[in-house]
Amino acid sequence: MTSALARSALSHHICTGIQRHRLGALIAELAVPWKARQDSLLRDRRGHDRLRAEGGGPGHQLVFADRVIATLVVLRFQLPHAVLAVFYGVDRSTITRAVHEIRPLLAARGFAVPGEAGLRLHTMADVFAYADARGVELRLDGTEVRVRRPKAGRPGRRAFVSGKMRQNTKKATVITDAKGRTLWTGAIRPGRMHDQTAVNTEGIGDLFERYPTVKAKVDAGYRGLAKQFPDQVQAPPKKPGKDAPANEVTAWEQARKQQSSERICVEHANAEHKQWRPLQRYIGRREYYDETNLAIAGLVSDRTAML
């Protein structure tokens, strides 16, 4: 198969997860930082400015558009790099190098803002500033993905064992608006860390104090946060005791269902992220998981921002 045929087939939205017209815009967006990074790497390797005019020397086996497409396919299906190498007629190392070049650029893009073309959120502080300015009520939730188990005897091995899943996982926090549109994903920590502890390490308490008008709905994992900021954070009501009267139990069930129905959109956002296979079960190296998660979440936010 020629490179042109591979590009034509693999650029379909079923393979890349995004529509072709958005794929063209994404390639154009990434071209500038990729070119700047490549020039910087070449300058460091030479130790001096280029001596020949730009364009001299051997060409790339895989042009930039193909590098982006190959990376998107890997993110979508977690295919072995050797499979894509067969499609493009190149060595496996060429695909691996392309993924390592493009994935960090995708991870650094940030998250699209609904109705604000060109504006992207990169930190939790950006999300709170946006929510405060636009009057957006946030939804928070933690999500876990199984990862490879560290080698026996390695320090910190138990940190990845999730108390909930009883598996080796990494945990990320997802923030959406009331329509379930992804605004931010981050606070990526080993699975043993509690949901609230993960966001506390990102300074969420200081952000609630700095933006007293920002409100959020959370699940029971953030009950401590709701106790600390009762006027801003709403968690599910506590279950009545065993001896509680029937009317109290009924009122609790209604309040719980109401809160759950208002918060369920963030669960739907998590489900959309996990349509990308690496976030169902990640089989790559753990040190690349954070980049992979951020890259996928940023691509999902591009689509949800248009809803």
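In case you missed it, the structure is sitting above this.
(A) How the structure looks around empty space enclosed by the protein. Summed over the entire model, instances satisfying the criterion amount to one cavity of 30 Å³ or more. If you add up the space inside the largest cavity, you get close to 50 Å³. In terms of lining residues, the largest cavity is bounded by T143, V145, A172, V174, T185, N270, H273, K274, L279, Y289 and N293. Among the elements of the structure, strand 3 (138-146), strand 4 (169-176), helix 11 (246-273) and helix 12 (289-304) are those that each provide at least two residues to the lining of the largest cavity. Across the lining of the largest cavity, the residue classes tally to five nonpolar, five polar and one charged.

(B) Expanded view of the nonpolar core. By size, the foremost hydrophobic cluster in this structure holds 42 residues, and its most contacted members are Y88, I95 and L106. When residues of this core are traced back to their parent elements, those giving at least two are helix 1 (3-10), helix 3 (20-46), helix 4 (64-77), helix 5 (81-88), helix 6 (92-107) and helix 12. Top element by residues in this core is helix 4. It accounts for eight residues. Residues in contact with L106, not counting those within four places in the same chain, are L26, L30, T71, L72, L75, A295 and L299.

(C) Representation of the side chain of D66 in the model. Relative to the elements of secondary structure, D66 occurs in helix 4. Once residues lying within four places of it in the same chain are set aside, the contact partners of D66 are S3, R7 and Y88.

(D) Summary view of the environment of V74. Secondary-structure assignment places V74 in helix 4. Residue classification places V74 among the buried positions, given a relative accessible area of 11%.

(E) Representation of the environment of A295 within the structure. For A295, the location among the structural elements is in helix 12. Under the relative-accessibility criterion, A295 is labelled buried at 1%. Here A295 is in contact with L75, R103, L106 and A107, once residues within four sequence places are set aside.

(F) Representation of helix 3 in the model. Spanning 27 residues, helix 3 covers 37 Å between terminal C-alpha atoms, matching the ideal 39 Å at 1.5 Å per step. Maximal helix bending in helix 3 amounts to about 30°, located at A31; proline P33 follows within four positions. Where helix 3 is buried, its residues meet helix 4, helix 6 and helix 12. G47 lies just past helix 3 and shows a positive phi near 85°.

(G) Local environment of the sheet that holds strand 5 (residues 182-190). Read from one edge of the open sheet, five strands run 5-4-3-6-7, paired in mixed fashion. With one partner strand each, in any of the chains shown, strand 5 and strand 7 (233-234) form the two edges of the open sheet. Judged from the eight bridges that link them, strand 3 and strand 4 form a sheet pairing that is antiparallel. Residue pairing in the sheet places G142 in a bridge with T173 of strand 4. Along the sheet face, helix 11 touches strand 3, strand 4, strand 5, strand 6 (216-217) and strand 7 and points at about 40° away from the line of strand 3.

So, how was this worked out
- Residues numbered from 1 in each chain as written.
- Predicted model: local features only at pLDDT ≥ 70, side-chain atom pairs only at ≥ 80, totals over all residues.
- Heavy atoms only, no water.
- 1 Å grid on protein atoms, 1.4 Å probe; cavity = no way out; pocket = protein on both sides within 12 Å on 5 of 7 lines; lining within 4 Å.
- Points joined across faces, edges and corners; volume = space filled by probe spheres on them.
- Helix = DSSP H or I, 4+ residues; strand = E, 2+ residues; numbered from the N terminus.
- Nonpolar A, V, L, I, M, F, W, Y, C, P; charged D, E, K, R; others polar.
- Core = buried A, V, L, I, M, F, W, Y, C linked by side-chain atoms within 4.5 Å.
- Buried < 20%, exposed > 50% of the residue type's maximum accessible area, 1.4 Å probe, protein only.
- Contact = heavy atoms within 4.5 Å.
- Expected span 1.5 Å × (residues − 1).
- Bend = angle between axes of the 7 residues up to and from the residue.
- Pairing = 2+ DSSP bridges.
- Axes fitted to C-alpha atoms, helices over the stretch in contact; angles between N-to-C directions.

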